[in-house]
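Next come the chains, spelled out residue by residue.
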Amino acid sequence: MKRSTSFAFGKLAFTELGLAVLFTVPFAALLGACSGAAPAVAPESAEPESAVDPLPSWNDGTTKAAIIAFVEGVTEAGGSAFVPEAERIAVFDNDGTLWSEQPLYFQLAFALDRVRELAPAHPEWQEQEPFASVLRGDVSTALSGGVRAILELTMATHAGMTADEFDAIARAWHESARHPTKDRPYSELVYQPMLELLTYLRSNGFKTFIVSGGGMDFMRTFAERVYGIPPEQVIGSSIVLEYEEGADGPVLRRQAELDFVDDKADKPVAIHRHIGRRPIFAFGNSDGDHQMLRWTAAGEGARFMGLVHHTDAEREWAYDRESHIGRLDAALDEAETRGWTVVDMAADWATVFPGVEAP
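Here, residues in each chain are numbered from 1, in the same order as that chain's written sequence. Given that the model is predicted, a residue must reach a pLDDT of at least 70 before its local features are reported, and side-chain atom pairs must reach 80 or more before they are shown or counted; all residues, however, enter totals for whole chains, interfaces and linings. The side-chain figures draw on all heavy atoms in the structure; neither hydrogens nor water molecules are used.

Participant: Sorry if this is basic, but what is going on with the pairing of strand β2 (residues 89–92) here?
Facilitator: Regular strands place side chains that alternate from one sheet face to the opposite one. Think of it in three bands: residues with accessible area under 20% of the maximum for their type are buried, residues over 50% are exposed, and the middle band is partly exposed, with areas taken using a 1.4 Å probe on protein chains only. Elements are defined by DSSP. Helices are runs of H or I of four residues or more, strands are runs of E of two residues or more, and each kind is numbered from the N terminus. Every second residue of β2 is oriented toward a common face, with I89 and V91 on one face and A90 and F92 on the other, all of them buried. Where β2 and strand β4 (residues 207–215) come together, four bridges link them in parallel fashion. If you follow I89 over to β4, its bridge partner there is K207. As paired elements, β2 and strand β7 (residues 281–284) share three bridges and run parallel to each other. Note on β7: the bridge partner recorded for A90 is F281. The rule for pairing is simple: two strands pair if DSSP sees at least two bridges between them.

This is the structure:
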């Protein structure tokens, strides 16, 4: 059964928290030759392999040119900007950078759906906030409690089960849930240009990581299928896990307690802890990514810092400095001052979502 979460929003004020929180189809050129036959001759109109556009959903311009120039510079053996392959680390925020995040983080939509599913086993929720407002369909009131309300919803819906059970629950949600206004599966609301960028970087020896405020285990349920990023290269917020000896063997049980929130100044901490190398390439979209970009920029040698600026109200959403979700203010100022690359979604992207033609 397909599910669509409906949201009722007035002026919703909640702070950005990394607990609330695609599919790239790689292609290959197939060459063949028949034994004993003359070599095939390409027609005059065929483009040479070097002319194939690695970023076809990016409009030609300074942004696309900057990305390609950086990649070519750090991969040119003997060049002044050359970076050994082992050091080509690229990190990406997830919400608002690789997929959409409006009208609220997708992982929070998952938590709200879980509240509705679990409600029959919790009759007390009919009178207990923030659950009562969720069950009435009044999400604005439910989230008016800010971080505390989000934590209550998250712990009630993300804890108590084993790690394997949570994995199965999250995967099932991705298969059935649909975005309330776009009417597409959430994992289809990924950015086609960023999928191409991930593929382009990996084809040039980069190792790509997600470093996001979203739940690490939640993102690991779709990141490999959607982005081509394996679970061991997904870094995010987490709750406490405890080892237990169950009747059928050992399990890891999820506890209703925060372990790590991967947001703002803690993103460089997580990068050092999990990767052990400073990135040379970093992409974000909000002030929650500011320190990650600053950490990347502070290294020696060639560096690339990028921000996705949501400027396209027609195909996606337009928001920045005043948004309660994905607020982009201080990082935007520093990007303009220091010459970081800012992606103007409306101008720089010919296509936003996979399978959707440009207007």
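Participant: How do you make sense of the nonpolar core when you look at a structure like this?
Facilitator: What we call a nonpolar core is a set of buried Ala, Val, Leu, Ile, Met, Phe, Trp, Tyr and Cys residues that are connected through their side-chain atoms within 4.5 Å. Ranked by size, the top nonpolar core spans 67 residues in total, and within it F92, M194, L197, Y227 and F281 carry the most contacts. Apart from the residues within four sequence positions on either side, M194 is in contact with W58, F92, T97, L98, F283, V308 and W349. Note on definitions: a residue-residue contact is assigned when non-hydrogen atoms from the two residues lie within 4.5 Å.

Participant: It is not clear to me how the sheet that holds β7 should be interpreted in this structure. Could you clarify?
Facilitator: Pairing between the strands of a sheet comes from backbone hydrogen bonds, and it takes one of two forms, parallel or antiparallel. Across the sheet, which stays open at both edges, the seven strands sit in the order β6-β5-β4-β2-β7-β8-β9 with mixed pairing between neighbours. With one partner strand each, in any of the chains shown, β6 (249–260) and β9 (341–344) form the two edges of the open sheet. Taken over all neighbouring pairs, the strand axes of this sheet differ in orientation by 30 degrees on average, direction set aside. In the sheet, strand β8 (residues 304–309) pairs with β9 via four bridges, with the strands oriented parallel. Each residue of the ladder has a partner; that of V308, found in β9, is V343. To obtain an axis, a line is fitted to C-alpha atoms, over the contacting stretch when the element is a helix, and the angle between two such axes runs from 0 to 180 degrees between their N-to-C directions. Of the strands in this sheet, β2, β4, β5 (234–246) and β6 touch helix α10 (residues 266–274), which is tilted by about 135 degrees from β4. Set on the sheet, helix α12 (residues 330–338) makes contact with β8 and β9; between it and β8 the angle comes to about 130 degrees.

Participant: Before we go on, may I ask you to explain the packing of helix α2 (residues 106–118) against helix α5 (residues 146–158) in this structure?
Facilitator: Two numbers describe a pair of packed helices, the interaxial angle and the distance between the axes. Contact geometry for α2 and α5: axes closest at 9 Å, N-to-C directions at 60 degrees. With respect to the hand of their crossing, α2 and α5 are arranged in left-handed fashion. Counting all contacts with α2, which are made through Q107, F110, A111, L112, R114, V115 and L118, the residues of α5 involved are L153, A156, T157 and H158. When grouped by side-chain class, the residues that make up the contact of α2 with α5 number seven nonpolar, three polar and one charged. Left-handed is the label given to a crossing in which the near helix is rotated counterclockwise from the far helix by less than a right angle, and right-handed is the label when the rotation is clockwise. Gly is put with the polar residues, along with every residue not named as nonpolar or charged; the nonpolar set is Ala, Val, Leu, Ile, Met, Phe, Trp, Tyr, Cys and Pro, and the charged set is Asp, Glu, Lys and Arg.

Participant: I keep staring at the side chain of N94 and nothing clicks. Help me out?
Facilitator: With respect to the helices, strands and loops of the structure, N94 is situated in the loop between β2 and α2. Residues within four places of N94 in sequence aside, it is in contact with W99, I210, S212, M219, F222 and Y227.

Any link to function would need more than the numbers given here.
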